[in-house]
Each structure stands twice: as C-alpha cells, then as structure tokens.
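Coordinates in review
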Amino acid sequence: MGMTMTEKILARGCGQKSVRPGEIVWCKVDGAMMDDILGPRVEIAEKLKVLGDSIWDAGRVTIVSDHYTPPANSKQAEIVKFTREWARQHGISNYFEFAGPCHQIMVENGRVCPGDIIVGTDSHTCTYGALGAFSTGIGSTEMLGVLVTGEIWLRVPESIRIVLRGEFPESVMAKDVALKVIGMLGHHGATYKALEFTGDTFEKMIMDERLCIANMAVEAGAKNGIFPFDEFTGDFLRAQGTPCGEALASDEDAVYAQTVEFESEQLEPLCACPHEVDNVTEIKNLDNVTVDQAYIGSCTGGRYHDLKMAADFLKGKKVARGVRLLVSPASAQVWGQCAKDGILNTLAEAGAVVLASSCGACLGVHSGAIGSGEVCVSSTNRNFIGRMGSKEGQIYLASPLSVAASAVMGKLTDPRMI
Amino acid sequence: MEKESGVYRGRCLKYGDNINTDIISPPMYMELPIEQAAAYAMSPIDPEFASKCRPGDIFVAEENLGSGSSRETAPLALKELGIRIVLAKSYARIFYRNCINLGILAIECSQTDKIAYFDEIEIDYKKGVITNRSSQETYRCQAIPNHIVGLTEKGGLFACLMERREKVDGSDIHL
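Cut-offs and rules
- Residues numbered from 1 in each chain as written.
- Chains lettered and ligands numbered in written order.
- Predicted model: local features only at pLDDT ≥ 70, side-chain atom pairs only at ≥ 80, totals over all residues.
- Heavy atoms only, no water.
- Helix = DSSP H or I, 4+ residues; strand = E, 2+ residues; numbered from the N terminus.
- Rg over C-alpha atoms; globule rule 2.2 N^0.38 Å.
- Buried < 20%, exposed > 50% of the residue type's maximum accessible area, 1.4 Å probe, protein only.
- Contact = heavy atoms within 4.5 Å.
- Areas by Shrake-Rupley, 256 points an atom, 1.4 Å probe, with all protein chains shown as cover.
- Disulfide = S-S within 2.5 Å.
- Buried area = accessible area lost by both parts, 1.4 Å probe.
- Salt bridge = Lys/Arg side-chain N within 4 Å of Asp/Glu carboxyl O.
- Polar contact = N/O pair within 3.5 Å; in protein donor to acceptor, adjacent residues only side chain to side chain.
- Nonpolar A, V, L, I, M, F, W, Y, C, P; charged D, E, K, R; others polar.
- Pairing = 2+ DSSP bridges.
- Axes fitted to C-alpha atoms, helices over the stretch in contact; angles between N-to-C directions.

1. A closer look at the overall build of chain B
Secondary structure summary: chain B contains 7 helices and 8 strands in total. For a compact globule of 175 residues, the expected C-alpha radius of gyration is about 16 Å, and chain B comes in at 16 Å, within 12% of that figure. For chain B, the C-alpha atoms occupy an extent of roughly 50 × 40 × 25 Å along the three principal directions. Split into buried and exposed, the 175 residues of chain B put 58% on the buried side. Of the contacts formed within chain B by residues at least 6 apart in sequence, a portion of 65% connects residues at least 24 apart. Accessible surface, chain B as shown: approximately 6,900 Å² in total, 47% of it carbon and sulfur.

Listed below in structure tokens is the structure:
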C-alpha cells in the first residue's frame, strides 16, 4: 500500500520505512518558527531557563517579530524588544523584524525546504505546504518541548485529496479556491487531517497562489495543507537562490479518507460572511452590504500577485468616498518589488493607503482596526467576531481583486460587474 | 472541582459551537500579561465570563472548540481563571494539544448540548461516564487516549520536560 506525501515526510521524520494514519510517531523537527506575540514571551523564556536554557539547534530556529511591528504602544514595543533580545541571547541569527508576516519571511529566506517538518507558534504555519513541506501550528509550551528536544509527537493524519481541474474563469483568484474548499468541507471538516492539493489547476499555480491556498488549510481545521514538490517548486526555490529538497509526490496507490473533485470553470468570486470562514457565498449575492474599510494584506492575501491583480484593476479608478482602502504588502521584499514595478504608486493613485508589512490589521492590534458597526472586506484569513477590532464590527473575507472592486463601489462587489 | 481516582466534580460554564480562540483570548488584550488578559476571556460573547468563573469550574462547549489561532493564551486564560477541565463535542486540534500540554484535561463528549449553564456534573474520565447531578442524566464521554494519559497525569508537558532533564543518562529521549 502506498503513502501520501504527508505520510512519507512523517515516516522519514520518525525514522520508519512507513507510517499509517492514526499512528502516533515521534518526529525530528527540521525547523521551528516563533513570532513575537506567541513566541518566547509566552511560557517559553521563563521555563526554558529552568530547563537549562539551552536550545537543541539554534540554527534551525527562526524568530520573526511581525504581529507587533511597528508597535502601536509601549506594551507592544516591550514585547518586540524582549523578543529581539531573547533571540540574540540564544544565538538565533535568523531573527527578522519589521519585515512582514512570518510565513512570507520563512519562504523568502530559504527557511523552508520541501520535505521538511516545520512547526511554528502560529496556526498559519501550514502555509509551507505550498513548497511540499509538512508544517503545522503549535502552542508555546509545545514549542518549548521542541526547543529542548528537537522532537514532537504527531498523530499521522489521514489525507483529504482536493482535485481541481481546468482553467480559472476571469476574476477568480486562489483565495476563491480556498474559500470554496472551506465552504465545502466546513470549518472543522478537515480537523486532524491533511489537505493535499492535486490536479492540473493546482499544478499550474504560481507560488503566490499555492501559498494562499496552503495558508488557509487550517481554516478547515486541517493539520497541514500540502502541494507536490514539482518542477515548478524547484524553479521557484532556484530563482530565489535557495535551492533544496527533492521531488516528492504521493504514491498512486496512496489511501485517502476523502477525495473532493471540482472543475475550475465552476468557480466564482466568493466571500466568507461574518463570523465564520465557512460561511461562504458568491460575492454577487451580497451587493447590498456597504463597506467602510477594504484591506489587502497578510500572509494570505498580500503577496506580489495579489497586489498586482488589485493594482491592474484599480488603474484609472478611484476608491469610493467614505471607504478606506488599506494595503499591507506581505513582506519588505514584496513591498520593494511592488514599489519598483509601480504597483504601489497605482494603488496610491486610486486612493489606497500603503502601510508597513505587518500582521497588525488582520487581528486588529494596530494599523487598521475597525469600530462598532463598521464593515471590513478583507483579503485575510479569519472573520471571527471581534478579530479586527470591535466585536460589533463585521468582517467579510474575499480575494484581493474582490476587495479592490468593493473599495471602488463602496459595497461588496463581484469584480466582473465593473 | 474535586479529584479522586479519575473523578472530577464541578459547576459548568456552558457555551455552544465554534467557541474560537479569538473569543476565548481576544487579540486586542494579548499584549497584557496573562493575569490581566484573563479578565477579558470570552468577552466578545460574554463580558461577565471572568467574573462568573470560580476555581474548579468546568468549561463546556459543543462542536469545534478552540478553532482558529495556535495561541496558548486561550487555554492559559482559562487556567488562570481556575479551569482545569474542558468538555466539548469536538475540538480544533491545536487548542486540544495546548490544553493537554498545560495540564488541562480536554474530554470529548457527544452530548454536551444536554448540559445547561451552572449544571453540576461529575466526570469519571477513566470509566468514560458523566453524571449530571442537576438534571440526573448520564452521558458517555471518550476515555483519554493512552499516549496522552501519561502527559496529563504528570501535569502537562513542562512537568514531563523537567522529569526528562532529571534523567541525566538521556535514556528517555521521548520525554
């Protein structure tokens, strides 16, 4: 009986020839990622001291101060300062700050290699599955265990195969695919499981699109989301100067808990309504919802391709009066490339406010919180009650293109209607 | 809450489906130390939660408890308020692991919809039986998986790491 990609990676990680879903295995971790909000400050620094203050392999650890940068107040500034100093004291040279959301930083800086097992103190750590890695979010105490031992226990997940075929219709983006999958499976339809993305539509996707889809796997409850490591992945890693890993795909006779197949032609621009990510409908059904804030950014929807699609759409148009369009590129590198290519300029000319690369607005801790009764349409990953600020606010999740169209019309808008 | 040979008794604070981590630990208070942040636990849907909580209370929810973030501040806030046991129909996996790692018992029971706010219940997690003393009903609950029993009985992951450290010969590499 064959194995899925996820099973192959975990088998290697635990030193066995094969593993089966449901098995509990102890795996060696190839990379550990911490951020500022849930990194050393929560349970880790103090307890590691008691345990001898020594890290199994500092070279495999990455720390990114991203949630509280730039800090909104002195409390946040102290957390960033603490994180920076802790990284230095523990010899962690892969420390980044003010550079953007951790998951984009990990990918851009060669901290993810196909076939790796990577854990991080952020639930969207599942993003690295776009590069054919097994990656998943863990809590701070669990990270403490990893920092001390370099190992973690994992229950080998069953895999759900998502097969997507054909060409995208106009104005449909990867975010719409992610919302479609979550809407179909439900927000805990993949709990404890792996989501594996196959089929020619996924094969043709550029890395920015794959990252968006893998990022959202956890919104269906999944442990990880994963794409095969194909020629395209290899080209991407070579192009950014960090080639590593080798071809990896599931065996033909691998066993899946479920296979979900659909055709790209059926896709439409979608929207997740408050306050759950699986509360999905076509955005064209929501054109009576007026918008106060439109947000393009985050580890889900702030990459180069996202900003370019939004800018191409907004060229020569203006954001509606009374609407604020905020744009936070997913990293300093994305920021720089978009600036160089005139994308930021186009966005600003349309009336967008271009912000620093940060997690801030996505979880309402700075740079774009919403007030009571306000509606935000956002290219981010969660629309939970109170997430972006007031618990009386409403968050609708959509693609960067749909966010741009909604900003122009001042209400939720299907980009094909303009 | 009383503990005697795998039996816990306590008063239930009962909520519904999809009590996510943004509800249990709202992001805008995460910059505060946990002792202060705990006062805002559950505040998006129940601003009185922290003031109602008494040490030993049992936190009860229905489907998909703890979905969303990996933030350990969610179970930490519950622990800070004196909760040592949570009961739900199903859990989001990171929240489940975080509870166990912090020494909070997370138990699955498919009938939590029958439990009302402030019901007094008794959980025999070894036998897998819950007795609702308020309604005189009994429910089945899932026994804790074997690989987790050791962790919870020791009081969580940190206690296990301490024990491992004391074994200087390193023979027990897997915690």
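2. Some words on the state of the cysteines
Residue and element names in this part refer to chain A. Considering all chains together, one arrives at 1 disulfide over all chains under this definition. Two residues, Cys113 and Cys244, share a disulfide whose sulfurs are 2.4 Å apart. On the criterion of sequence distance, the pair formed by Cys113 in the loop between α4 (102-108) and β5 (117-120) and Cys244 in the loop between α9 (231-239) and β11 (258-263) is long-range, its members being 131 residues apart. Free of any disulfide, Cys359 has its nearest neighbouring cysteine sulfur in Cys102, separated by 5.8 Å.

3. Observations regarding the interface of chain A and chain B
Counting residues at the interface gives 50 residues for chain A, matched by 44 residues for chain B. A buried area of about 4,000 Å², summed over both sides, lies between chain A and chain B, and 60% of it is on carbon and sulfur atoms. Contact with chain B buries area across many residues of chain A, yet Leu51, Trp153 and Tyr192 of chain A alone supply 14% of it, more than any other trio. Put simply, chain A and chain B have 2 salt bridges between them. Across the pair Asp22 of chain B and Arg387 of chain A runs a salt bridge whose closest N-O atoms are separated by 3.1 Å. Linking chain A with chain B are 19 residue pairs in polar contact (both at pLDDT 80 or more), by the criterion used here. Taken together, the elements giving at least two residues each to the side of chain A that touches chain B come down to β1 (24-28), α2 (44-50), α3 (74-89), β6 (134-137), α5 (140-149) and β7 (151-155) of chain A. Looking at the side of chain A that touches chain B residue by residue, the class counts come to 21 nonpolar, 17 polar and 12 charged.

4. Notes on the sheet that holds strand β3 (residues 61-65) of chain A
All names here are of chain A. If you walk across this open sheet you meet the 5 strands as β4-β3-β2-β5-β6, and the pairing is parallel. The open sheet is flanked by β4 (95-97) and β6, the only strands paired with a single partner. Averaged over all pairs of adjacent strands, the angle between their axes in this sheet comes to 15 degrees, without regard to strand direction. As paired elements, β5 and β6 share 4 bridges and run parallel to each other. The residue of β6 that forms the bridge with Gly120 is Gly137. On top of the sheet, α3 reaches β2 (31-35), β3 and β4; it is set at about 160 degrees to β4, its chief contact.

5. With respect to the pattern of salt bridges
Residues and elements named next belong to chain A. The tally for this structure, following the rule as stated, stands at 30 salt bridges over all chains. With its nearest N and O atoms 3.2 Å apart, the salt bridge here joins Lys204 to Glu167. Of the two residues, Lys204 is situated in helix α7 (residues 200-204) and Glu167 in the loop between β8 (159-165) and α6 (174-185); the sequence distance between them amounts to 37 residues. Linking Lys284 and Glu282 is a salt bridge whose minimum nitrogen-to-oxygen distance equals 3.5 Å. It is possible to trace a salt-bridge network through shared partners that takes in Glu268, Glu282, Lys284, Asp414 and Arg416.

6. Here's the deal with the pairing of β1 of chain A
Residue and element names in this part refer to chain A. Only one face of β1 is covered, namely the face carrying Val25 and Cys27; the face carrying Ile24, Trp26 and Lys28 is uncovered. With 5 bridges joining them, β1 and β7 adopt antiparallel strand pairing. Across the sheet, the residue bridging to Val25 is Leu154, located in β7.

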